[in-house]
Amino acid sequence: MSTFQAPKGTYDLIPPDSAKFLAVREAIAAPLRNSGYGYIETPGFENVELFARGVGESTDIVTKEMYAFETKGGDQLALRPEGTASVLRAALEANLHKAGNLPVKLWYSGSYYRYERPQKGRYRHFSQVGAEAIGAEDPALDAELIILADQAYRSLGLREFRILLNSLGDKECRPVYRAALQDFLHGLDLDEETLRRADINPLRVLDDKRPDVQKQLTEAPLLRDYLCDACKAYHEEVRELITAAGVAFEDDPRLVRGLDYYTRTTFEFVHDGLGSQSAVGGGGRYDGLSEMIGGPALPSVGWALGVDRTVLALEAEGVELELPSTTSVFAVPLGDEARRLLFAKVTELRKVGIAADFSYGHKGLKGAMKNANRSGARYTVVAGERDLADGVVQLKDMESGDQTAVGVNEIVAELESRLG
Ligand code: AMP
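One structure accompanies this document, and this report is about it. Small disclaimer: the values here were computed from a predicted structure and weren't measured.

Definitions and cut-offs
- For every chain, the first residue of the written sequence is number 1, and numbering continues from 1 onward in sequence order.
- Whole-chain, interface and lining totals are the exception, using all residues; otherwise, since this is a predicted model, local features are given only for residues with pLDDT of at least 70 and side-chain atom pairs are given and counted only at 80 or more.
- As a rule here, side-chain values cover all heavy atoms of the structure and leave hydrogens and water aside.
- Here the rule is simple: two strands pair whenever DSSP picks up at least two bridges between them.
- Starting at the N terminus, helices and strands are each numbered in turn, a helix being any DSSP run of H or I of at least four residues and a strand any DSSP run of E of at least two.
- In what follows, residue pairs with any heavy atoms lying within 4.5 Å of each other are defined as contacts.
- The angle between two axes is taken between their N-to-C directions and runs from 0 to 180 degrees, where each axis is a line fitted to C-alpha atoms and a helix contributes only its stretch in contact.
- To sort residues, take the accessible area from a 1.4 Å probe on protein chains only and compare it with the maximum for the residue type: under 20% means buried, over 50% means exposed, and anything in between is partly exposed.
- Here the arc refers to the directions that run from the helix axis out to each C-beta atom.
- Think of it this way: one heavy atom of a residue within 4 Å of a molecule or strand is enough to make that residue near it.
- Nitrogen and oxygen atoms within 3.5 Å of one another constitute a polar contact, given that in protein one can donate a hydrogen and the other can accept it, and given that sequence-neighbouring residues count only through two side-chain atoms.
- Areas reported as accessible are Shrake-Rupley estimates using a 1.4 Å probe. Residue values count occlusion only from the protein chains shown.
- Residue polarity follows a fixed list, in which Ala, Val, Leu, Ile, Met, Phe, Trp, Tyr, Cys and Pro are nonpolar, Asp, Glu, Lys and Arg are charged, and the others, Gly among them, are polar.

**Regarding the sheet that holds strand β1 (residues 38-39)**
Logical step 1: The strand order β1-β5-β6-β11-β10-β9-β7-β8 describes an open sheet built from 8 strands, whose pairing is mixed. Edge positions in the open sheet fall to β1 and β8 (250-251), since each of these has one partner strand only.
Logical step 2: The sheet contact formed by β1 and strand β5 (residues 104-113) spans 2 bridges and is parallel. Along β5, the bridge assignment pairs Tyr39 with Trp107.
Logical step 3: The strands touched by helix α4 (residues 84-93) are β5 and β6 (125-134); relative to β6, the strand with the most contacts, the crossing angle is about 45°.

**Looking at the environment of Tyr262**
Logical step 1: Within the secondary structure, Tyr262 sits in the loop between β8 and β9 (263-271).
Logical step 2: Taking relative accessible area as the criterion, Tyr262 reaches 4% and is therefore assigned buried.
Logical step 3: Between the C-alpha atoms of Tyr262 and Val55, which are 207 residues apart in sequence, the distance is 9.2 Å.
Logical step 4: The residues contacting Tyr262, other than those within four sequence positions of it, are Leu168, Arg174, Arg257, Gly283, Gly284, Arg285 and Tyr286.

**Points about α4**
Logical step 1: Among the 10 residues that make up α4, 8 are buried, leaving the element largely enclosed by the rest of the structure.
Logical step 2: Among the residues of α4, those classed as buried are Thr84, Ala85, Ser86, Val87, Leu88, Ala90, Ala91 and Leu92.
Logical step 3: In this structure, the buried residues of α4 make contact with β2 (45-47), α2 (48-55), β5, β6 and α11 (289-292).

**Overview of the environment of Gly306**
Logical step 1: Note that Gly306 resides in strand β11 (residues 300-306).
Logical step 2: Counting along the chain gives 178 residues from Gly306 to Gln128, while the straight-line C-alpha distance between them is 4.5 Å.
Logical step 3: If sequence neighbours within four positions are ignored, Gly306 has contacts with Ser127, Gln128, Val280 and Gly281.

**Points about the environment of Asp402**
Logical step 1: Looking at the element boundaries, Asp402 is found in the loop between β15 (392-397) and β16 (403-407).
Logical step 2: Taking the C-alpha atoms as reference points, Asp402 and Ser111, separated by 291 residues in sequence, lie 46 Å from one another.
Logical step 3: Here Asp402 is in contact with Leu395, Lys396 and Asp397, once residues within four sequence places are set aside.

**Details of helix α7 (residues 192-200)**
Logical step 1: Residues Thr194, Arg197 and Ala198 constitute the buried set of α7. In a view along the axis of α7, the buried residues occupy a sector of 105°, so they form one face of it. Among the exposed residues of α7, those pointing more than 90 degrees away from its buried face are Glu192 and Ile200.
Logical step 2: Here the buried face of α7 lies against α3 (60-63), α6 (174-186) and α8 (202-205).

**As for the side chain of Thr42**
Logical step 1: Within the secondary structure layout, Thr42 lies in the loop between β1 and β2.
Logical step 2: Residue classification places Thr42 among the buried positions, given a relative accessible area of 14%.

**Examining the site of the ligand**
Logical step 1: In the vicinity of the ligand there are 14 residues, among which Arg114, Glu116, Tyr123, Gln128 and Arg257 approach most closely.
Logical step 2: Gln128 places a side-chain nitrogen or oxygen 2.9 Å from an oxygen atom of the ligand.
Logical step 3: At 3.5 Å, a backbone N or O of Gly306 approaches an oxygen atom of the ligand.
Logical step 4: Contact with the protein chains hides 92% of the accessible area of the ligand, taken as 480 Å² for the molecule alone.
Logical step 5: Broken down by secondary-structure element, the contributors of at least two residues to the shell around the ligand are β6, β10 (279-285) and β11.
Logical step 6: It is β10 that provides the largest number of residues to the shell around the ligand, a total of 3 residues.
Logical step 7: Class assignment for the residues of the shell around the ligand results in 5 nonpolar, 4 polar and 5 charged.

Now the structure itself:
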């Protein structure tokens, strides 16, 4: 071990497990690519104000969890704690919304940073794949995103997740509800910090996980009963569309989520095999966010799915992903001449798209075959001096153990045909 270790709350992705992470990212991205979402990549840090205004001054993410710092040049930056604000910032900056092609549909994949108390499923550095559909108010778009996330999880083989759905109302009905909730909260026996939170952002109190708080909240007014007609109709259409698509969901009138920018549709994907950190993904509509960060009105909707927790969910369900073998052919040269020849053959195989590896380090037959076994290769190509004198190499099928001599000039074509 070196003197250094991965920082607290982080971990390294190393083979073979790292292949699972790649597969999960790929599985989440596939339905998005297939549905008109274009790939976007933004910097790992942004002006701290973007998150303060976008995510919300009173959220835990901004007040407690942000890696904020001042640069040598005096800029106030923060490592990104989430993706939506950055993606919207980038779309506005590039004027994507003015190209006359709304909604702008984007997907992304990357690292996010929150200074949280680490535990299983909760890290300070984690990875998300996200999607945002910017600039259209259309329940079909909200439904599309929920359906695509469901499809992504199912394509991985996950079954034991649930979709929780709620509407947070809009700027017409939410203030009325907010006031009613505040009245209710002020009648409870709450500590000072929670009462302060009730003043600044009462909906967040509903999200308080402490049992003594939850107990007092059973009679709390629900936003569901305050939705204006427009929000009600909108929500009903989202529900109908996802129902028609055969995607099961549960109405959760208490779902508020930890970010301030959500309006109307909000949803979370939870997996019951994960213990307390059960949310594997979440998202919703954020019709006001663009204006909050200085842009025009651009009603939008999006989600982010956590890659780390999706991998944990797969493990919890015992799903083994079918990962492609990384190496199909392993070359074992015995002697210098064979080394030169097989090294060239390996390069040729790679050029025609066959995953091939080579026994490095001048190993003897026994050591080299051990490497060949470990590589998981279906075929091994062995060549010694006598083979070369005969103009052949030995092709060994690692599954059946069968070995045949194949002409030096035919070996690439033979492997191409065998590997299909
Ligand atoms: P959020 O932006 O908080 O809704 O997060 C979206 C998803 O990202 C969650 O459902 C988790 O799967 C994942 N996530 C959020 N925070 C963390 C964390 N600290 N560690 C691991 N995954 C996280």
